[in-house]
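Reading the structure
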Amino acid sequence: MKQSIWMKSFYYIVAFLFASISLYPIILMIVSSYKPTIEIFTNPLSLPKSFSLQTYEKLLDQVPFMTYFYNSVFVSVVSVLLILITTSLAAFYIARYTYWWNNILFFVFLMGMMIPIKLGIVPLFILMKGLGLTNSLWSLILMYTAQGIPLSILILTGFFRTMPMELEEAARMDGASDLRILWNVVLPLMRPALGTVMIINFIQSWNDFFFPLIFITNEMKKTIPVGMLSLFGEYSADWGALFAGLTLSSLPMLILFFIASKQFMEGLTAGAVK
């Protein structure tokens, strides 16, 4: 009994240490967002001398941060919605229908995970330019949607195959169509997998730096990762305003994870036990 108590105490201590190490960069980022650049370099690990919003005001004055923020939200939300709609339909078809080409179709989707999309950036840029989508947020939306489909298909198809078919057969006997079965019966049970897909793809599109740098040159169309580059000068950088921007840009991801963290953890362990 004493050994069990000591082991539990040891596990709690280890978990606390790991949590502290993980949260420390976030706390340091938030604390540094209230410091001017000089104070960040002179006292990097201390609390600010005064908690003022001067760095946040400077951020909003120096760059159109709210425009960057809106662009990032629009691109990420629309991309995730398109991924959820397309992959739920495709995964339901692959998992529930027994045509001979389903395995081939599933393998074609998985090939998207094997081939790095950045290797084809030159033809992709030519394609977007031919479609007139350069300097358009829809070029980013199409790229993130295409990039997120393969992994989402893998997650949702595996989750579909673990679900019993009796519920769908009962709804089909009551006269429900396939789309109604998917919407009213299957998708409510798919919340863990959908939460996992949503979080993974939202973080990927929100933090991406590469594609906005290539496809977007208009200042008012930039997303946060590229727009924040303007805070770096040739010889210096406004680190206080930079940390303020990082703090504001991390809020949507933190809110999303707190809302969907339960579904995310259930989705990661789905199918591990029966």
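Residues numbered from 1 in each chain as written. Predicted model: local features only at pLDDT ≥ 70, side-chain atom pairs only at ≥ 80, totals over all residues. Heavy atoms only, no water.

**Notes on the UniProt feature "transmembrane region" (unreviewed entry) in the chain**
Per the UniProt annotation, the sites labelled "transmembrane region" (unreviewed entry) are residues 12-34, 68-92, 104-126, 138-160, 181-203 and 239-260. For residues 138-160, helix accounts for 100% and strand for 0%, while the C-alpha atoms at its two ends are 30 Å apart. (UniProt positions renumbered as here; feature names shortened; annotations may be inferred. Helix = DSSP H or I, 4+ residues; strand = E, 2+ residues; numbered from the N terminus.)

**Considering the environment of N184**
With respect to the element layout, N184 can be found in helix α9 (residues 178-189). The partly exposed category is assigned to N184, whose relative accessible area is 42%. (Buried < 20%, exposed > 50% of the residue type's maximum accessible area, 1.4 Å probe, protein only.)

**Some points on the nonpolar core**
Formed by 36 residues in total, the largest nonpolar core has its most connected members in L59, L156, F160, V186, M190, M228 and L231. When contributions to this core are tallied by element, the ones reaching two or more residues are α3 (54-62), α4 (65-96), α7 (137-162), α9, α10 (191-207) and α13 (239-269). Considering each element in turn, this core owes the most residues, 8 residues, to α4. With sequence-adjacent residues up to four places away left out, L59 is seen in contact with F65, M228, L231, A241, A244, G245 and L248. Ranked by size, the runner-up nonpolar core spans 14 residues in total, among them V78, M128, L137 and I141. (Core = buried A, V, L, I, M, F, W, Y, C linked by side-chain atoms within 4.5 Å. Contact = heavy atoms within 4.5 Å.)

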